[in-house]
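So the chains spell out like this:
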Amino acid sequence: MPLQSVNDFVIRFANVNGSGSASANEMFARAVLRMGIPCAPRNIFPSNIQGLPTWYEVRISEAGHLGARGGTDFMVAMNPQTWDKDVAGIEPGGYLMYDSTKPLPASKFRDDITVIGVPLTAIANREYSEPRQRQLFKNIIYLGALSVLLDMDVGEIEKLIAEQYKGKEKLFDANKHALHLGRDWVMLNLEHPIGLRLKRSNKVGDRIFMEGNAAAALGAVYGGATVCAWYPITPSSSLAEAFTRYCNRLRVDSDTKRNKFAIVQAEDELASIGIVIGAGWNGARAFTATSGPGISLMQEFLGLAYFAEIPAVVFDVQRAGPSTGMPTRTQQTDILSCAYASHGDTKHILLFPEDPAETFEFGAISFDLADRLQSPVFVMIDLDIGMNHRLCRPLAWDDARKYDRGKVMTAAALEAGKEFGRYLDVDGDGIPYRTYPGTHPTKGAFFTRGTSRDRYARYTEDGAAYADNMQRLLRKFETAKDLVPRPLLANAEKPTKYGVIYFGSTSPAMDEAIQILEANGQHLDRMRVRAFPFHSSVSSFIADHDFVFVVEQNRDAQLRSLIVNECSIDPVRLVPILHYDGTPITARYIARSIGEHLDALKVTPLRKVVS
């Protein structure tokens with residue numbers, strides 16, 4: 001039985017990298033949004049320039065589920081290389097659209113799906129003479145075919161084409177013509193629409209459609225960053241590039257036309273974090289954008305910033321590792337390497353945003369936290385958030401908000417005779433006062449060093465002075481627990497002795513997984529962790545449940561390990577739910593994995609009878 005659904009299905013485009021399909025596929029997703037229907041696209045692409053398989057998946061959900069669901073309801077199969085895998089991934093009763101210019105044997109299809117053949121190459125060859133034109137316009141032709149099959153509002157697609165080629169009438173006319181070539185062929189030759197349909201709705205509301213890396217860059221601008229030092233690395237490069245664009249618009253003096261920012265592409269990642277630390281020491285708000293391999297190279301300087309207590313912000317857009325790993329695949333795989341970055345005893349602040357809106361907010365507050373705590377702060381994004389457009393709430397900013405520059409000793413305070421010791425804990429919160437270079441001509445100076453020192457920054461290798469300093473750094477870390485974003489909790493519909501902890505880009509899939517589990521009578525209280533160090537509510541949440549599932553996208557259960565280590569939790573009580581093939585975790589995977597554990601926990605073992 002063919003699938004029947006309105007505004008609730010998954011469509012996947014299977015293409016070849018470099019074929020020009022990305023523009024048409026994104027246009028499809030944007031047209032769905034223009035029809036008022038929530039959707040979440042995900043671009044799955046290789047790390048080479050051209051020739052390897054690429055997929056573009058669009059989750060369409062009027063209910064607002066924006067995580068990956070799992071399975072494909074409609075497959076647009078445009079890549080012979082991946083045909084077998086693509087066809088195998090279609091749900092029973094689903095649909096397959098392919099280029100039928102060349103006939104395929106029956107063995108290439110499945111009996112339980114609806115096959116839709118459209119001679120895309122033949123249409124393109126008939127209309128266009130140049131090979132590149134044929135390839136590019138074939139993508140628009142299949143977009144036109146889809147618009148009829150799914151009963152889309154073609155006017156929205158035409159508006160998007162007009163916006164893309166504004167002022168280029170010939171290109172607009174050519175693309176519009178290609179769009180209607182596909183529409184006309186389907187209307188003349190196929191039954192339409194199919195069982196999957198798109199119907200205009202109003203569920204998008206005031207939400208915006210934005211990439212996480214762009215949101216992070218804008219958060220850095222609003223957070224007061226004036227220095228960015230970076231080295232290109234997938235998937236973080238677009239963050240620095242977006243920061244450049246925003247600064248050129250927002251950080252140029254209107255009178256003098258001079259830039260009020262500095263953006264440096266360094267020779268490598270170690271140099272970039274060095275520049276950031278130097279700028280932070282000098283009083284500027286500075287950051288770098290990188291990924292796992294860059295974090296590995298920055299370890300020495302991150303230790304210096306921690307020990308010398310210098311503010312710095314690192315946007316880590318995580319990808320699959322180790323080593324080069326899979327540069328264009330997503331994972332949550334840098335948790336431990338960032339939490340304990342550098343040798344010796346270190347603990348760093350980590351922020352875990354769930355979507356572009358929170359990435360903007362955390363990107364901005366990270367600079368307040370870095371200044372307040374005089375320490376590196378990591379904003380832990382990943383490729384799924386950073387390089388994909390996501391529907392999210394509008395970005396908000398209070399123009400009356402003032403930056404928190406932390407404890408900075410002023411020239412007036414020094415002149416008045418206030419005692420200054422660079423590493424002196426006068427308030428008991430572990431955070432000392434600092435001075436900016438040049439604050440006072442004779443007072444408030446100190447030597448910044450990566451070696452051991454006393455409370456007044458004087459070099460010493462005395463064990464007691466070293467231990468005193470290390471204990472103060474721990475007090476500061478305790479203070480951070482009440483400064484970072486707190487976890488968010490939600491109770492199940494019914495009382496339960498089981499809970500789940502999750503974070504970051506796992507959130508949208510987790511929300512839908514909870515609904516699937518509840519429909520099966522399996523209930524979980526849930527906690528979304530948003531920062532490290534962990535607030536005391538994390539330990540309390542675990543203590544209130546017999547077992548807690550920890551859902552994350554890495555092999556080694558890194559968040560679970562961090563919780564066990566930092567909260568002194570019995571590991572047996574934390575059940576890992578792990579997904580690490582480089583694709584975004586799906587609601588079905590989470591629900592199935594947790595459901596199997598819950599079913600096993602209900603089984604009462606047979607007692608051995610003693611005769």
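Residues numbered from 1 in each chain as written. Predicted model: local features only at pLDDT ≥ 70, side-chain atom pairs only at ≥ 80, totals over all residues. Heavy atoms only, no water.

A short note on the overall build of the protein chain
Quick note on the threshold: To qualify as a helix, a DSSP run of H or I must reach at least 4 residues; to qualify as a strand, a run of E must reach at least 2; elements of each kind are numbered from the N terminus. As a reference, a globule follows 2.2 Å times the number of residues to the power 0.38, and the radius of gyration itself is taken over C-alpha atoms. Note on exposure labels: buried denotes an accessible area under 20% of the residue type's maximum, exposed denotes more than 50%, and partly exposed covers the range between, all computed with a 1.4 Å probe on protein chains only. Should any heavy atoms of two residues lie within 4.5 Å, those residues are considered in contact. Here the positive residues are Lys and Arg and the negative ones are Asp and Glu; neither His nor the chain ends is included. The atoms used to mark charge sites are NZ of Lys, CZ of Arg, CG of Asp and CD of Glu.
Across its full length, the protein chain holds 20 helices and 22 strands. By the compact-globule yardstick of 25 Å for 611 residues, the protein chain fits well, its C-alpha radius of gyration being 27 Å. When its C-alpha atoms are laid out on the principal axes, the protein chain stretches across 95 × 90 × 40 Å. In the protein chain, which comprises 611 residues, the proportion classed as buried is 56%. Counting only contacts in the protein chain whose residues sit at least 6 apart along the sequence, the fraction spanning at least 24 positions is 76%. In the protein chain, the 68 positive side-chain charges and the 71 negative ones have mean positions that sit 1 Å from each other.

What to know about the sheet that holds strand β10 (residues 227-230)
Rules: By the convention used here, strands pair only if DSSP detects at least 2 bridges between them.
If you walk across this open sheet you meet the seven strands as β11-β10-β12-β13-β15-β14-β20, and the pairing is mixed. Each edge of the open sheet carries a strand with a single partner, namely β11 (262-265) and β20 (531-532). Two strands pair when backbone bridges link them, and strand β13 (residues 312-318) and strand β15 (residues 376-382) are joined in this way by seven bridges, in the parallel orientation. Bridge pairing in β15 places Val317 opposite Ile381.

Some remarks on the sheet that holds strand β6 (residues 90-99)
The cut-off we apply is this: Geometry is summarised by axes, namely lines fitted to C-alpha atoms with helices restricted to the contacting stretch, and by angles between N-to-C directions that run from 0 to 180 degrees.
The strand order β3-β4-β2-β5-β6-β7 describes an open sheet built from six strands, whose pairing is mixed. Each edge of the open sheet carries a strand with a single partner, namely β3 (39-44) and β7 (114-118). Each strand axis lies, on average, 15 degrees off the axis of its neighbour in the sheet, ignoring direction. Relative to strand β4 (residues 53-61), strand β2 (residues 8-16) is paired through nine bridges, and the arrangement is antiparallel. Bridge assignment links Phe9 to a residue of β4, and that residue is Ile60. Against the sheet, helix α4 (residues 131-149) engages β2, β5 (72-77), β6 and β7, with an angle of about 135 degrees to β6.

Some remarks on the pairing of strand β16 (residues 389-392)
Each regular strand carries side chains that alternate between the two faces of the sheet. Here β16 shows a buried face lined by His389 and Leu391 and a second buried face lined by Arg390 and Cys392. Relative to β16, strand β9 (residues 208-211) runs antiparallel, the two being bridged by four bridges. Within the sheet, the bridge partner assigned to Phe209 lies in β16 and is Leu391.

Remarks on the side chain of Ser201
Locating Ser201 in the fold gives a position in the loop between β8 (196-197) and β9. Apart from residues lying up to four places away in sequence, Ser201 is in contact with Asn7, Met35, Gly36, Ile37 and Glu62.

Things to note about the environment of Ile233
Relative to the helices and strands, Ile233 resides in the loop between β10 and α8 (237-250). With 36 residues separating them in the primary sequence, Ile233 and Glu269 have C-alpha atoms 9.3 Å apart. Contacts of Ile233, omitting those with residues within four sequence positions, involve Glu269, Thr290, Ser291, Pro293, Gly294 and Arg319.

Remarks on the packing of aromatic side chains
To keep it simple, the criterion reads: Aromatic contacts are taken between Phe, Tyr and Trp rings whose centres are within 6.5 Å, Trp giving its six-membered ring; a plane angle under 30 degrees counts as stacked, one over 60 as edge-to-face, and the others as tilted.
The tally for this structure, following the rule as stated, stands at 18 aromatic pairs. With a centroid separation of 6.4 Å and 55 degrees between ring planes, the pair formed by Phe13 and Tyr56 is classed as tilted. A residue pair is termed long-range when its members are at least 10 positions apart, and Phe13 in strand β2 and Tyr56 in strand β4 qualify at 43 residues. Taking the relative accessible area as the measure of exposure, Phe13 reaches 0% and is therefore buried. For Tyr56, a relative accessible area of 9% corresponds to the buried category. Centroid distance Trp83 to Phe109: 5.8 Å. Interplanar angle 80 degrees. Geometry classified as edge-to-face. Of this pair, Trp83 sits in helix α2 (residues 83-88) while Phe109 sits in the loop between β6 and β7, and the two are 26 residues apart along the sequence.

Looking at the confidence of the model for the protein chain
The test is simple: For every residue, the pLDDT score states the predictor's confidence, bounded by 0 at the bottom and 100 at the top.
In this model, the protein chain carries an average pLDDT of 96, and 98% of its residues clear a pLDDT of 70 or more. Across residues 604-611 the pLDDT falls below 50, and counting only partners more than four positions away or on other chains, this stretch makes zero contacts in the model.

Things to note about the side chain of Asp73
Basically, it comes down to this: Here a polar contact means two N or O atoms within 3.5 Å. Within protein one must be a hydrogen donor candidate and the other an acceptor candidate, and residues neighboring in sequence count only if both atoms are side-chain atoms.
You can see Asp73 is positioned in strand β5. Engagement of the side chain of Asp73 in a polar contact is seen with the side chain of Arg69, the distance being 3.0 Å.

Quick word on the pattern of salt bridges
Note the following rule: Within this document, salt bridges are pairs made up of a side-chain nitrogen of Lys or Arg and a carboxyl oxygen of Asp or Glu, the two lying within 4 Å of each other.
Across all of its chains, the model carries 36 salt bridges by this definition. Here Arg458 ties to Asp454 by a salt bridge, and the two come within 2.8 Å at their closest N and O atoms. Residue Asp454 is classed as buried on the basis of its relative accessible area, which comes to 18%.

Overview of the environment of Ala557
Along the chain, Ala557 turns up in the loop between β21 (547-552) and α19 (558-567). Taking the C-alpha atoms as reference, Ala557 lies 9.8 Å from Leu336; in sequence the two are 221 residues apart. Each residue touching Ala557, except ones within four places of it in the same chain, is listed here: Glu552, Pro576 and Leu578.

A look at helix α7 (residues 212-222)
Counted residue by residue, α7 has 10 buried out of 11 residues, so it is predominantly covered. Looking only at α7, the buried set comprises Gly212, Asn213, Ala214, Ala215, Ala216, Ala217, Leu218, Gly219, Ala220 and Val221.

Some points on the nonpolar core
Let me state the cut-off plainly: For our purposes a nonpolar core is just a set of buried Ala, Val, Leu, Ile, Met, Phe, Trp, Tyr and Cys residues, chained together by side-chain atoms within 4.5 Å.
Ile11, Phe28, Ile60, Phe74, Met97, Leu150 and Leu198 are the most contacted members of the largest nonpolar core, which totals 56 residues. Counting 44 residues, the second-largest nonpolar core is a separate cluster that includes Val227, Ile273, Ala308 and Met380.

Examining the packing of α7 against helix α13 (residues 356-373)
How we decide: Put simply, angles under 35 degrees are roughly parallel, angles over 145 are roughly antiparallel, angles from 65 to 115 are roughly perpendicular, and the rest are oblique. A crossing counts as left-handed when the near helix is turned anticlockwise from the far one by less than a right angle, and as right-handed when that turn is clockwise. Three categories are distinguished: nonpolar for Ala, Val, Leu, Ile, Met, Phe, Trp, Tyr, Cys and Pro, charged for Asp, Glu, Lys and Arg, and polar for the others, with Gly belonging to the last.
Between α7 and α13, whose axes approach to 7 Å, the crossing angle comes to 30 degrees. Looking at the two axes, α7 sits roughly parallel to α13. Regarding α7 and α13, the two cross each other, and that crossing is right-handed. Touching Gly212, Ala215, Ala216, Leu218, Gly219, Ala220 and Tyr222 of α7 are Pro356, Thr359, Phe360, Gly363, Ala364 and Phe367, all from α13. Taken together, the residues of the contact of α7 with α13 break down into nine nonpolar, four polar and no charged.

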